[in-house]
Amino acid sequence: MHSTASDGALTPEAVVNAAAEAGLAVIALTDHDTLAGVPDALKAGEAAGVRVIAGCEFSVRARWGEMHLLGYFLAGSDPVARFLEEQRAMRRVRAQRMVERLDRLGVAVTFDEVLAEADGGAVGRPHVARALVGRGAVTDVPEAFQRYIGWRRPAFVAKESAAHLGGRGSRSALKFLRSQGVDAIEVQHPIHDDERAAELDQWAEELGLLRTGGTDFHGDATSEPNRAPLGSIRVPETWLEAIEHLHVARRSTEVTE
């Protein structure tokens, strides 16, 4: 789930309150390249009776170009903080290059307008899209992606460091990811139909990978396609328990060492 700490439409507190209204007991706040929204989300979770797991969504290189890697139970240690700061800086550069391409296309939008949409959060393409809407260059966010900043559109800029598996998650690809230290795969996601989810679940079992899932909620149903309404995807509690057990075991090992 994402908040205004990155490219979500709701504040961390509002995300938690929306989760409570949807009847969710546990959520993970996984903003792009930042943990800035976690403290407010944790505080709101205590008040609303929703457990909040500190997470983050990183962009990393993959064989096919880019993959989003989710980290859970994260702490803002110095190495993590420095890495996230570097990633946020790269996001700003990417957005600025998109604005430059839009300018060459004759689309009047400024980088300051994009930053205003981000309002201090980690900058992402939805902020560019919202700035285009504000300028009247497009009627809504989906049109901005379709005409200008979506994949292979004229103002699209690829990330220098390289998403959800979709059709790219072959058994061999998952085996490779496991060899690189990936602990779990996202089985349930809006882009996975029942057949695809069942296939990924089977491969996870065969390869000894844990499972995750979620709606990729951004708080704004019109931001991008392939996102599901809040509460529409619910994962088994056993999936969370397995990930938490792994986290606790590793923390225990770090302490004893």
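Residues numbered from 1 in each chain as written. Predicted model: local features only at pLDDT ≥ 70, side-chain atom pairs only at ≥ 80, totals over all residues. Heavy atoms only, no water.

K.L.:
Explain the nonpolar core here, please?
P.N.:
The nonpolar side chains of a soluble globular protein tend to be buried, and buried together. Judged by nonpolar contacts, the single largest core of 22 residues is most densely connected at Leu102, Val114, Val128, Leu132, Tyr148 and Ile149. When contributions to this core are tallied by element, the ones reaching two or more residues are helix H3 (78–104), helix H4 (111–118), helix H5 (125–135) and helix H6 (141–149). The dominant element in this core, judged by the number of residues it contributes, is H6, at five residues. Each residue touching tyrosine 148, except ones within four places of it in the same chain, is listed here: Leu102, Leu105, Val107, Leu132, Val138, Glu143, Arg153, Pro154, Ala155 and Phe156. By size, the runner-up hydrophobic cluster in this structure holds 20 residues, among which are Ile27, Leu35, Ala44 and Phe217. (Core = buried A, V, L, I, M, F, W, Y, C linked by side-chain atoms within 4.5 Å. Buried < 20%, exposed > 50% of the residue type's maximum accessible area, 1.4 Å probe, protein only. Helix = DSSP H or I, 4+ residues; strand = E, 2+ residues; numbered from the N terminus. Contact = heavy atoms within 4.5 Å.)

K.L.:
Please clarify how the packing of aromatic side chains should be interpreted in this entry.
P.N.:
Think of a pair of aromatic rings as described by two things: how far the centres are apart, and how the planes are tilted against each other in angle. If you walk through the whole model with that rule in mind, you get two aromatic pairs. Arranged with centres 5.8 Å apart and planes meeting at 50°, the rings of phenylalanine 58 and phenylalanine 83 form a pair that is tilted. Here phenylalanine 83 lies in helix H3 and phenylalanine 58 lies in strand E2 (residues 51–62), a separation of 25 residues in the sequence. The class of phenylalanine 83 is partly exposed, set by a relative accessible area of 35%. Judged by centre distance (5.2 Å) and plane angle (75°), the rings of tryptophan 151 and phenylalanine 156 are edge-to-face. Judged by its relative accessible area of 58%, tryptophan 151 is exposed. (Phe/Tyr/Trp six-rings, centres within 6.5 Å; stacked < 30°, edge-to-face > 60°.)

K.L.:
What's the story with helix H2 (residues 38–48) in this structure? I'm lost.
P.N.:
Residues separated by three or four positions in an α-helix point in the same direction, a consequence of the helix having 3.6 residues per turn. Within H2, the full set of buried residues consists of Val38, Ala41, Ala44 and Gly45. Each buried residue of H2 sits inside an arc of 125° when the element is viewed along its axis, so together they form one side. Facing away from the buried side of H2 by more than 90 degrees, the exposed set consists of Lys43, Glu46 and Ala47. The inward-facing, buried residues of H2 abut helix H1 (12–21), strand E1 (26–29) and E2. Positive phi shows up at glycine 49, right after H2, with a value of about 75°. (Arc of directions from axis to C-beta.)

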